[in-house]
Amino acid sequence: MNLTKKLSIKTFLFLLLVSSDLSVISIAASPNRDFSVAAAEEEVVSPSDTARAAWNESIDEVVVTGTRNETDIRHLPFTVSVIGRQQIEQSRNASLLPVLTEQIPGLFTTSRGILGYGVSDGAAGAISLRGMSGGSGRLMVLIDGHPQYMGLFGHPIADSYQTFLAERVEVLRGPASVLYGSNAMGGVVNIVTRKMTEDGSRTNLNIGYGSYNTVQTELTSRIRKNRFSSVISASYNRTDGHRADMEFEQYSNYIKLGYDFNDNWNAFADVNLTHFNASNPGSISEPLTDADQRITRGMASFALENHYENTSGAISFFYNWGRHHINDGYDAMTEQPLDYRFNSRDDMMGISVYQSARFFKGNRITAGFDWYRFGGDAWNEYVGGENKGQLQTIAGMPQTQHELAGYIDFRQSVGSWLTFNAGLRVDHHSHAGTEWVPQAGLSFHLPESAEIKLSASKGFRYPLIREMFMWGVANPDLRAERLWNYELAFSQKLLDNRISYGLNIFYIDADNLITVDMVDGRRMNVNTGTARNAGVEAQVAWRISEAWSVDANYSFLHMETPIVASPQHKLYAGGMFRKGRWSVSTGIQYIKGLYTSTGSDARTEDFVLWNLRASFRIFDCLSVWADGENLLAQEYEINAGYPMPRATAMGGISLEF
């Protein structure tokens, strides 16, 4: 595409959006999805345990990710997909990422084995959304709205995002920088943690065993008594891996305590601690020996919330930390072990305050303030007991950096057919300067439960400490990356909500992207990269009968500059049968044009994966289940040089009492 055509597309979309001040959201509900139903903006609806129980009721889904307060999803200026607890449990995965890859169009995560992602060289678990990669800090993972990423390198830690944490997962597809700042450039994945809503206690135990001596266990106890509630979870997972030297072992626990002071005020505090040991066997062509990692990650937060008829808000504090001890291993042919180990410690803490108010019918204004502090230290520790060896860094490298921001989001409904939305964030970074971040739009609510929506929103990412100060390519003069996302969407529900579908088209124009280039005779990080990504995403779901349901999603992504782990075509089609004590589900995922490497040695992968899952409830409290993955025994790679396992199987039991 030549420059004239690019400018024509950009100009057309800009004029269209400015002339109408429009906004967008598209969501097509999956028949397997839990709906989180709470107090909506204009009315209160009754809670529902699952989407199936409420399929024929006229209800609207309520989410928190797009506005920080509970909001009817129809009024949001973003494309939001929701994965509920029922879908998460049906996946039978210890990690949340596989189910997100299946169910969220435009989202893809890398993998290298049956269990575990690891960190450092050869690691998997990189999350990509519309060609924007979390491995580069361009996609943010949140837990209850709090950012979760490595303080020095800025990337998510995939092995920390486990299924036992989540009541649901809300994926905001597109820039979310107005509400969440840097790193939410391409979107956010918000893990909403579990809770107990009614008095009593409930305990769940799940144990599974399968291929390659893989063990998955999870124990969760939830209690509520009057105004007090608690959630306590623990898990242990391990595998030998499908290749030699690919072991993975993980210990995790989570505690959440909550108290309702009255009908208007409540508080909760939680802590999550995960430790995992991972081994990297290297690529097939360059195997490694002793490439072992010991990683500990922790998270803690406290929130005080208020809920009134016309206003709601919260003040929250969070703290994340990590300790990494890594042996990068050595070439098995040379037999010369490294004499050092890479070590790092990092942390991130922040305070978030927001309040949302409705001043008159159809109006909602949310204003907030965020302060983040993040950083850490990294060094080489020599095996012979010598002093620590400092990494190659630029003199004056700061141990911490700060981000300070204020934002406002305005929404106004006009009658029952139109919602206007606009937002602005002013964000200051202690080293990289200040960014102004706008978004704006409208959503048209049409007859026959149809929606047409448009949006324009800016996303940005500040340069990471690693990019500015660490290793030979460091450049302290880097500026923020920026992009604009333009989107058009249509969605509709038919036959008393038994059929739902949605289609959205987007165009991403990014510049100032940080790449490595030659400057004055040396390689260094510079703001010279651009991205022009365009695509189509679609979802459809059909509740055929009380027992049968099917759903599918598809995404097409066109990138002027190919990016690793962002497939051109991604299709998932699944079906479920539930009757009496039986539950059976199956799904096929088709991936085409997946780049595993780019540049002069560019390689792509195409593959089809088929899974089959079944469970049988023996007693009210006891079920048995079985799960088969890649049942077509496909040969494929996602990480270059790391072949994925052929057909695998697991089975186990679930107890609930």
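As shown above, the structure is provided for reference.
Since the structure is predicted, the reported quantities are computational estimates derived from the model, not experimental observations.

Topic: the environment of Glu 637
Next up, step 1: Within the secondary structure, Glu 637 sits in the loop between strand 34 (622-629) and strand 35 (648-656).
Next up, step 2: For the pair Glu 637 and Glu 605, spaced 32 residues apart in the sequence, the C-alpha separation amounts to 7.0 Å.
Next up, step 3: Dropping the residues within four chain positions of it, Glu 637 is found in contact with Leu 594, Thr 596, Arg 603, Glu 605, Phe 607, Tyr 642 and Pro 643.
Next up, step 4: Engagement of the side chain of Glu 637 in a polar contact is seen with the side chain of Arg 603, the distance being 3.4 Å.

Quick look at the sheet that holds strand 6 (residues 132-133)
Next up, step 1: Pairing is antiparallel across the open sheet formed by 3 strands, whose spatial order is 4-5-6. Whereas interior strands pair on both sides, the edge strands pair on one side only; in this sheet they are strand 4 (107-109) and strand 6.
Next up, step 2: Direction of pairing for strand 4 relative to strand 5 (residues 127-129): antiparallel, over a ladder of 3 bridges. By the bridge assignment, Leu 107 is partnered in strand 5 with Leu 129.

Side note on the sheet that holds strand 10 (residues 187-193)
Next up, step 1: Strand order in the open sheet formed by 5 strands is 3-9-10-7-8, and the pairing between neighbours is mixed. If you trace the sheet from one side to the other, it starts and ends with strand 3 (79-84) and strand 8 (146-147), each paired once.
Next up, step 2: As paired elements, strand 7 (residues 140-143) and strand 8 share 2 bridges and run antiparallel to each other. When the sheet's bridge partners are listed, Leu 142 is paired in strand 8 with Pro 147.

Quick notes on a negative patch on the surface
Next up, step 1: There is a patch of like negative charges on the surface, built from Asp 245, Glu 247, Asp 290 and Asp 292.
Next up, step 2: Structurally, Asp 292 is set in strand 17 (residues 292-307).
Next up, step 3: Given the relative accessible area of 35%, Asp 292 is considered partly exposed.

Describing the packing of aromatic side chains
Next up, step 1: Per the counting criterion, the structure on display carries 18 aromatic pairs.
Next up, step 2: With a centroid separation of 6.4 Å and 20° between ring planes, the pair formed by Tyr 486 and Tyr 507 is classed as stacked. Separated by 21 residues along the polypeptide, Tyr 486 in strand 27 (residues 481-494) and Tyr 507 in strand 28 (residues 499-519) bring together distant segments of the chain. Across this residue pair, the class does not change: Tyr 486 and Tyr 507 are buried.
Next up, step 3: A centroid spacing of 4.8 Å and a plane angle of 50° characterise the contact between Trp 548 and Phe 577, whose relative ring orientation is tilted. One end of the pair, Trp 548, is in strand 30 (residues 548-559); the other, Phe 577, is in strand 31 (residues 569-579), with 29 residues separating them in the sequence.
Next up, step 4: Connected via pairs of aromatic rings, a cluster forms that spans Phe 153, Phe 342 and Trp 471.

Quick look at the pattern of salt bridges
Next up, step 1: Under the definition given, this model contains 30 salt bridges.
Next up, step 2: The shortest N-O distance in the salt bridge between Glu 198 and Arg 202 comes to 3.5 Å.
Next up, step 3: For Glu 198, a relative accessible area of 34% corresponds to the partly exposed category.
Next up, step 4: Among the residues examined, Arg 202 registers a relative accessible area of 30% and is labelled partly exposed.

Side note on the side chain of Glu 403
Next up, step 1: For Glu 403, the position within the fold is in strand 23 (residues 400-414).
Next up, step 2: There is no salt bridge for the buried Glu 403, and the closest opposite charge comes from Arg 425, which lies 4.5 Å off by N-O distance.
Next up, step 3: A distance of 3.4 Å separates a polar side-chain atom of Glu 403 from the backbone nitrogen of Ser 182.
Next up, step 4: Discounting residues that sit within four places of it in the chain, Glu 403 has contacts with Gly 181, Ser 182, Asp 370, Trp 371, Tyr 372, Phe 374, Asp 427, His 428, Phe 460 and Tyr 462.

Notes on the nonpolar core
Next up, step 1: The biggest cluster of nonpolar side chains holds 43 residues, and the ones touching the most others in it are Val 80, Met 140, Leu 152, Tyr 180, Val 188 and Phe 276.
Next up, step 2: For this core, the elements supplying multiple residues, two or more each, are strand 3, strand 7, helix 4 (177-180), strand 15 (265-279), strand 18 (311-326), strand 20 (340-357), strand 21 (363-382) and helix 5 (465-469).

Scoring rules and cut-offs
- Residues numbered from 1 in each chain as written.
- Predicted model: local features only at pLDDT ≥ 70, side-chain atom pairs only at ≥ 80, totals over all residues.
- Heavy atoms only, no water.
- Helix = DSSP H or I, 4+ residues; strand = E, 2+ residues; numbered from the N terminus.
- Contact = heavy atoms within 4.5 Å.
- Polar contact = N/O pair within 3.5 Å; in protein donor to acceptor, adjacent residues only side chain to side chain.
- Pairing = 2+ DSSP bridges.
- Patch = residues over 30% accessible without salt bridge, like charges linked within 9 Å, V, L, I, M, F, W, Y side chains within 5 Å.
- Areas by Shrake-Rupley, 256 points an atom, 1.4 Å probe, with all protein chains shown as cover.
- Salt bridge = Lys/Arg side-chain N within 4 Å of Asp/Glu carboxyl O.
- Lys, Arg positive; Asp, Glu negative; His and termini not counted.
- Charge placed at Lys NZ, Arg CZ, Asp CG, Glu CD.
- Buried < 20%, exposed > 50% of the residue type's maximum accessible area, 1.4 Å probe, protein only.
- Phe/Tyr/Trp six-rings, centres within 6.5 Å; stacked < 30°, edge-to-face > 60°.
- Core = buried A, V, L, I, M, F, W, Y, C linked by side-chain atoms within 4.5 Å.

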